[in-house]
Amino acid sequence: MHRRLDAPPLDAVLGSASAVAAGRLAGEGPAGRLPLTPDRLREEPSGNLFGLTQNVGMGWSPQALEGPQYVIVSTHGGLRSEDGSPVALGYHTGHWEIGLRVRAAAETLRAAGAIPFAAYCSDPCDGRTQGTTGMFDSLPYRNDAAVVMRRLIRSLPTASGVIGVATCDKGLPATMLALAGCRDLPGVIVPGGVTLPARGGEDAGQVQSLGARFARDLVSLDYAATMGCRACGSAGGGCQFLGTAATSQVVAEAFGLALPHSALAPSGEPVWLELGTRSALALLRLDALGLPLKGILTQHALENAMLVHAAFGGSTNLLLHIPAIAHAAGLRPPTVEDWIRVNRATPRLVDALPNGPRGHPTVQVFMAGGVPEVMLHLRRMGLLHGDVLTVTGDTLDATLDWWAASERRREARARLAAAAAVAPDDVIMGPDAARRAGMTSTVVFPVGNLAPEGAVIKATAVDPSLVGDDQVYRHRGPARVFVDERDAIRAVKGVGTGRPIRPGDVIVLIGTGPSGTGMQETAQITTALRYLPWGKHVALLTDGRFSGFSSGACVGHIGPEALHGGPIGRVRDDDLIEIVIDRGMLTGSVDLVGAAGQALDAPACAVLLGERAPHPGLAPHAALPADTRLWAALQRASGGTWAGCVYDVDRIVATLEAGLHSTKEVT
């Protein structure tokens, strides 16, 4: 795929004598004196004193060592030259520019007399790893990164507060988990913003379907090469659609962890860059007010975040991340009943990619008012908890009162109307207007003989033309079973030796849960179906998960996963599958209703699923890393996907102790 470079000469690799000869063997130490006192020398830990030595060793003035210390953790990736051009690329645009925000925050803290520290734990790109074994590390990375960030924060025990700067699908959830787990400190999240749409180009989600469209003769090679080059209208920020990256930013603000009107800001623009400065000022304010994160992360704040998620029509991946944030913060995680109650309370209010109906890019959602604008509607509906505190140091009600009358709101909405000829109220609607536009509630949790422990579908993303007047989507079709995502996408593209996917089929992708692939994301399939003319007539069932960009009849998180006895692992080609999703009542079912193309009654289907052996090809993927196998085992002992794929230490220890006790009894 890539051109191989010529081998450099061995002499250049081995090094030169001149570099050795030019090197110093000693240097002048920093001038000045540490601000030590007899009591400090007698009483403080040696680490605190050595930390002062390290500070001046890195160039900090000995006269400026007495200020409070703050940690800035970020997922910054890549290396830019002074003019912004790349020296070493990051993995994605989302973390490419956020170093500018880190710098702005640090300079603000330093100017106030504080001592900023910057630490980094970069993140992968779910778009880059689609369809590859790199996806097997995606969701497990979230847990590992949160652990690393928490360790970095705790490793500066003199810190008075923390700022987290992050953007994308796993990096921002990891950062929220990290700060939630350091809840005795004041802290602020700085969402990393979004990429601008490119004039005359496709968005970063649509271009991911170029391979499938080319394979089906829908685009030319020249078109694919041109559009693939033109998707990003700016060098930084998360993708232009309301996928997991954008939804995570929205949820951070909805929790009260980020400043008002900070989620979805266009990366690199003045309104984006100023958030580094303002977030640093917010942290100083929180510290002065004595308001730690545990005063912000409350049960009411959690419910606000769930409401905003529903109103935005956000990614189903947040059903993994929001419970995990709650767990890290010591809150009661939401149950399925909580999710259903919240989603019944509000229809989707935001018209954004990929949900439609028009599909505005995320920067237009920001200019229409973003999270605070949606919250104004939720407050008028009597749903929002306005008494919660946020990182402004004030209540949410006070913030929304400010927003409603602010010049910032007026200017943003006017700019959208003037520059894009888009009416703000067509992007963020009130509940009556949203219902008139056909926008229903976001999440449904189907059950059935293939999903006895439940499943998830973003019902608001099912094509409206397939939904009846009674707000029910119904699909019955033959199963096409795959144990490897690569075979499934080849069938969607119509290449290879197997029968191509056809309208009416139900793709059943199994072995993609935590124990098989680390619960991989299957966006290359769902994105292809979205942009194939007949793709809306194909349904997809999986024990894996979906990209936040996914749309259509895509049912994921099916439990139990196939590798742990889930009946979805017993489906065969040409079994009849029936999917029913009621978008009004927020109920649904996913059932086997026949075999070999012949319908069977419910008792016969139950017997069939009970007697059948698992699919002969079902097994953990051969390339599944040992690190991910360990993650899968730990999160399973902690409650699995419905608990947010967390590490519940008490449950893990109890499971290990029981296992060790059982082993001793056997021996």
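Check the entry above for the structure.
Residues numbered from 1 in each chain as written. Predicted model: local features only at pLDDT ≥ 70, side-chain atom pairs only at ≥ 80, totals over all residues. Heavy atoms only, no water.

**Student:** Hey, could you run me through the pattern of salt bridges in this one?
**Tutor:** Two side chains that carry opposite charge are able to pair once their charged atoms sit near each other. Going through the model one piece at a time under the given rule, you end up with 25 salt bridges. For Arg 379, the salt bridge identified is with Asp 397, shortest N-O distance 3.0 Å. Linking Arg 379 in helix α16 (residues 370-380) with Asp 397 in helix α17 (residues 396-405), this pair joins segments that are 18 residues apart in sequence. Taking the relative accessible area as the measure of exposure, Arg 379 reaches 27% and is therefore partly exposed. Among the residues examined, Asp 397 registers a relative accessible area of 28% and is labelled partly exposed. When the shortest N-O distance is used, the salt bridge between Asp 484 and Arg 486 registers 2.7 Å. With relative accessibility at 15%, the residue Asp 484 sits in the buried group. (Salt bridge = Lys/Arg side-chain N within 4 Å of Asp/Glu carboxyl O. Helix = DSSP H or I, 4+ residues; strand = E, 2+ residues; numbered from the N terminus. Buried < 20%, exposed > 50% of the residue type's maximum accessible area, 1.4 Å probe, protein only.)

**Student:** Explanation requested: the sheet that holds strand β11 (residues 539-542) in the structure shown.
**Tutor:** Spatial ordering of the open sheet is given by β7-β8-β12-β11-β10-β9-β13-β14-β15, a layout of nine strands whose pairing is mixed. Each edge of the open sheet is held by one strand with a lone partner, namely β7 (443-444) and β15 (598-599). Here strand β10 (residues 506-509) runs beside β11; their pairing, made up of four bridges, is parallel. Paired with Val 508 across the strands is Leu 541, a residue of β11. (Pairing = 2+ DSSP bridges.)

**Student:** When you look at the packing of aromatic side chains in this model, what are you seeing that I'm missing?
**Tutor:** Aromatic ring pairs: the centre-centre distance and the angle between the two ring planes describe each pair. Going through the model one piece at a time under the given rule, you end up with two aromatic pairs. With a centroid separation of 5.9 Å and an interplanar angle of 55 degrees, the aromatic rings of Trp 402 and Trp 403 are classed as tilted. Look at Trp 402 and you get partly exposed, because its relative accessible area is 40%. Consider the rings of Phe 445 and Trp 642, whose centres lie 6.1 Å apart with planes at 55 degrees: the pair is tilted. Of the two residues, Phe 445 sits in the loop between β7 and β8 (454-458) while Trp 642 sits in the loop between α25 (626-637) and α26 (649-666), which places them 197 residues apart along the sequence. The side chain of Arg 213 reaches across the aromatic face of Tyr 531, ending 5.7 Å from its centre. (Phe/Tyr/Trp six-rings, centres within 6.5 Å; stacked < 30°, edge-to-face > 60°. Lys NZ or Arg CZ within 6 Å of the ring centre and 35° of its normal.)

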